[in-house]
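As a plain string of letters, each chain reads:
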Amino acid sequence: REIRDLDPEAAIDRLGGHYALDAFASSNVVQYLAEQAEATGVVPDDKTVVVERFRDEIGDWRVCVLSPFGTPVHAPWAMAIERRLVDTYDMPVETMWGDDGIVIRLPEAAEELSLDALLIDPDDIDELVVSTLPQTSLFSARFRECAGRALLLPRRRPDQRTPLWQQRQRAADLLAVAAKYPSFPILLETSRECLQDVFDVPALREVLGHMRSRSIRVVHVDTAKASPMASSLLFNWIAAYMYEGDAPLAERRAAALALDRDLLRDLLGAEELRELLDPGVLADVELELQCLADGRRARSADELHDVLRKVGDLSANDIDVRTEPESGGGTGGLWLAQLVDDRRAIEISVAGQTRFAAADDAARYRDALGCAIPIGLPMAFTEPVPRPLEDLLRRYARTHGPFLAADVAQRFGAPIERIEGAIVALEADDRLVLGEFRPEGLHREWCDVDVLRQLRRRSLAALRREVEPVEQDALARFLPAWHGIPAERRGLDALVESLGLLSGAALVASTIEHSVLPSRVVAFRPTMLDELCTSGELVWVGAGAIGARDGRVRLCFSDQLPLLAPGWDTPERPEGVLHDAIRTLLRDQGASFWGQLRGAAPAAGDTELLAALWDLVWAGEITNDSLAPLRAVLGGAGAKAPKAAAKRRGGRPRPGRLTRIGPPAGAGRWSLIEPLLLPAPTSTEAAHASALQLIERHGVVTRESVLAEGLAGGFASVYGVLKVLEERGSVRRGYFVAGLGAAQFAVPGAVDRLRAHRDRPDAELHPDSGPAPIVLAATDPAQPFGAGLPWPSSAGRPARSATGFVVVHGGVPLVWFDRRSHHLVTFPDALTDTTWTDALVMLVKNGRERSVEVRKVNGDPTPPDIAALLRTSGFLDGYRGLVVRS
């Protein structure tokens, strides 16, 4: 990535000076990267993963995932991708991995590779890898090596080597037998060796997390043939499948899947739920289950009877701590004596201690523990009970947290063998589960499934409460980074990715090519937009005029237009004879040029016709296959252009064929947008698409950000969809940003990335050594102030105006400037962080502005301290104010 940012001569010097390459090798490296960039438009690096698709020699699709993360990451990733694709297409999918990426051979029936198959949830990767590993040739090869080290494949003649193919056969026979025993040590050792020694699963989870949060971007490219990097990767394809004999047969694969997961977790040192379960939650739940918490203790004899039925046998002291004396003086002892006299409770001896139990449990204690029960109990309480020990053990599990078998044996005074037998029976009935649950625990415990579900639910709720929302300046740092600002990517793929985020947003037309796209794409050229428009991939739709020479425009990909358009708040429909004539002509004849549009109203002049045409454009009814007429309007060559041209010719009309040439603002081919909205989606599909686009654009969606979008129906129109997406696990709901509404939704990767911006970087706290501030158009969706976030307190009146922009440093706005009114508004940090003056100068040096002139500050003449800062940065005193020119 660093070499690509340098020019060829500087890159060669850097390779020679820093990496000790000679001139020939350095030239080869630079040329190799250039050829890769020419083939795919982008070079994979630590921040970019390239997914390249092409057809091989026999016509099958090959997909190469090019990345620099190495075999320990690519191997488990490829296995997880293969499993996902097999589940999707229900047919074998071949993969191969190496240090430079992954190669996938898609079956003939598969024409495309879903991005979801690559962007696997980091939480799912462990299960996918463990379940797929026994089906791979790597597992079979490692099993053969482990079995050989364990002397399970003895040689007939120690002085002779055994051929590899014979070793494979003997290892396959051993695997066929061992697969019947999931706890076979060599199976487990093979899995441990693959997962810990060969793979780096934690690093893979980190990479997938960065891809999900867009810290690492994924670029899809279709090429006619393999790029240089893909060709290098494909050289290993034949070698990988030469050893396919190591792969087990289908029935052996199925048997190998029956690994003992419990033993495997022990070998891998898995912590299971020890890190998840909160100790405080565990203590609270146990107090509630034991009726020791406030509100759970008995307040009467009847409630004490319920406690005995729920918790089981208790001593007199245990009963005292589970009762709350009523006002008037009753105690647990009196209530207990009353229950015993009424034959609702009985006194028994358990584990050598005197305890009390509910009378209806008498038969259980007698049959399970051999306890002597009082005479005279009703026959219903003394009839034999099936599986009495399991009943007592299940009640113990329901009223305790994670426990050991030894704890139960001590509690009931029973042999541990009997307790373990009852536990196994309950486990078979899915009543108990074994695992590592207690924080700081040393042994594996048993737990009731309902209790464990309650512990997990409460622990997750506690974790959510512990996650404090970030401050608002963190959101201001996150949004530009989410949109790729400042620009780090170049080319058409970077433009398409940026437009994917901006799709459907009402952008001020004059800012699109002036600041919005140049801030996201390195070396942006307007012709790049024209290529997408003329090819039919991109459509631009008017969203209301702003004065005579500007307006709002929505850029949208043609396949998304029918889904997103119903959610737009469209301007008022213009009415008039010329408007109806243009509509009728375009509806009858289809897309038409200016000369054909004249036929709609022969009696009307160019000025009137052009004005009516642009009324329809700003109303979102008509579009053009080029942005040239829009640029003409922004440049002032609008409705007045024909009259001005005639005036230059002395009022004489154009001679001959030149009279057919229309004004620049009417150039190109015009068409109705209505046919592009077919087939019309249902309201549910449109709301779903709008919600997904909001999530895509903002990462973290709040009520304020949706209201700023001008969405038809407001936040209520997408709230229901966002709730369903949360229930499906596609988005998260929480209080992510402080000071905003409680209804906040975000994709998981955006939440992680937002919290990574919680603390302002040290470099940004010291402006002299930190990165430069960024300058955003005031209406840019990546600029949250005045929309999702309020403006900081100021003596001026900043607004999200079409001609304004904001200088932001480290998420803190410093100044707002309007280039039309030459008005500067300063915010509280403008005097302590003076980097904004250099940012204004860089607008001129970078060519974004011809000049920047400050005539007033906060509505008043420029104060001396601000004037001194501007002069220090290069501003000069002009006729009306301080100015810097190119």
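Being a predicted model, the structure only gives us computed values, none of them experimental.

Taken in spatial order, the three strands of this open sheet run E17-E19-E18, and their pairing is antiparallel. Of all the strands in the sheet, the pair left with one neighbour each is strand E17 (700-701) and strand E18 (732-734). Relative to strand E19 (residues 744-746), E18 runs antiparallel, the two sharing three bridges. Its bridge partner lying in E19, Arg732 is registered against Ala746.

Right, let's get into the packing of aromatic side chains. In this structure the tally under the stated criterion is 11 aromatic pairs. Between the aromatic rings of Trp791 and Phe827, the centroid separation amounts to 5.9 Å while the plane-to-plane angle is 15°, which identifies the pairing as stacked. Taken as a pair, Trp791 in the loop between strand E20 (774-777) and strand E21 (804-809) and Phe827 in the loop between strand E23 (823-826) and helix H38 (835-845) lie far apart in primary sequence, 36 residues in all. Phe827 gets classed as buried once you look at its relative accessible area, which sits at 3%. Taken together through their ring pairs, the aromatic side chains of Trp540, Trp614, Trp618 and Trp670 make up a single cluster.

Below, the discussion takes up empty space enclosed by the protein. One pass over the full model with this rule turns up two cavities of 30 Å³ or more. In this structure, the largest cavity spans a volume of roughly 110 Å³. Lining the largest cavity are 14 residues, and of these Gly504, Trp568, Arg697, Glu709 and Leu711 lie nearest its centre. Broken down by element, the residue count for the lining of the largest cavity peaks at four residues, all from helix H33 (residues 683-698). When grouped by side-chain class, the residues that make up the lining of the largest cavity number four nonpolar, six polar and four charged. Its volume calculated, the second largest cavity comes out at about 30 Å³. Lining the second largest cavity, in full, are Thr511, His514, Ser515, Ala777, Gly804, Phe805, Arg819 and Arg848. If you list the elements that add at least two residues to the lining of the second largest cavity, you get helix H25 (509-516) and E21.

The buried count for helix H5 (residues 125-132) comes to six of eight residues, which makes it a mostly enclosed element. Considered for burial, the residues of H5 that qualify are Ile125, Leu128, Val129, Val130, Ser131 and Thr132.

Inspection of the entire model under this criterion finds 47 salt bridges. Its salt-bridge partner being Glu303, residue Arg299 comes within 3.2 Å of it at the nearest N-O pair. Here Glu303 falls in the partly exposed class, since its relative accessible area comes to 25%. Between Glu390 and Arg387 there is a salt bridge whose closest N-O contact spans 2.3 Å. Arg387 gets classed as partly exposed once you look at its relative accessible area, which sits at 45%. Put simply, Arg573, Glu575, Asp580, Arg583 and Glu621 are held in one network by salt bridges that share partners.

With that settled, the discussion passes to the confidence of the model for the protein chain. Of all residues in the protein chain, 87% have pLDDT values of 70 or greater, and the mean over the chain is 83. Confidence, expressed as mean pLDDT per element, reaches its minimum in the protein chain at helix H11 (residues 250-256) with 34 and its maximum at strand E15 (residues 622-624) with 95. pLDDT under 50 marks residues 639-658. Its contacts with residues more than four places away, or in other chains, come to 12 contacts.

Reading guide: rules and limits
- Residues numbered from 1 in each chain as written.
- Predicted model: local features only at pLDDT ≥ 70, side-chain atom pairs only at ≥ 80, totals over all residues.
- Heavy atoms only, no water.
- Pairing = 2+ DSSP bridges.
- Helix = DSSP H or I, 4+ residues; strand = E, 2+ residues; numbered from the N terminus.
- Phe/Tyr/Trp six-rings, centres within 6.5 Å; stacked < 30°, edge-to-face > 60°.
- Buried < 20%, exposed > 50% of the residue type's maximum accessible area, 1.4 Å probe, protein only.
- 1 Å grid on protein atoms, 1.4 Å probe; cavity = no way out; pocket = protein on both sides within 12 Å on 5 of 7 lines; lining within 4 Å.
- Points joined across faces, edges and corners; volume = space filled by probe spheres on them.
- Nonpolar A, V, L, I, M, F, W, Y, C, P; charged D, E, K, R; others polar.
- Salt bridge = Lys/Arg side-chain N within 4 Å of Asp/Glu carboxyl O.
- pLDDT = per-residue confidence, 0-100.
- Contact = heavy atoms within 4.5 Å.

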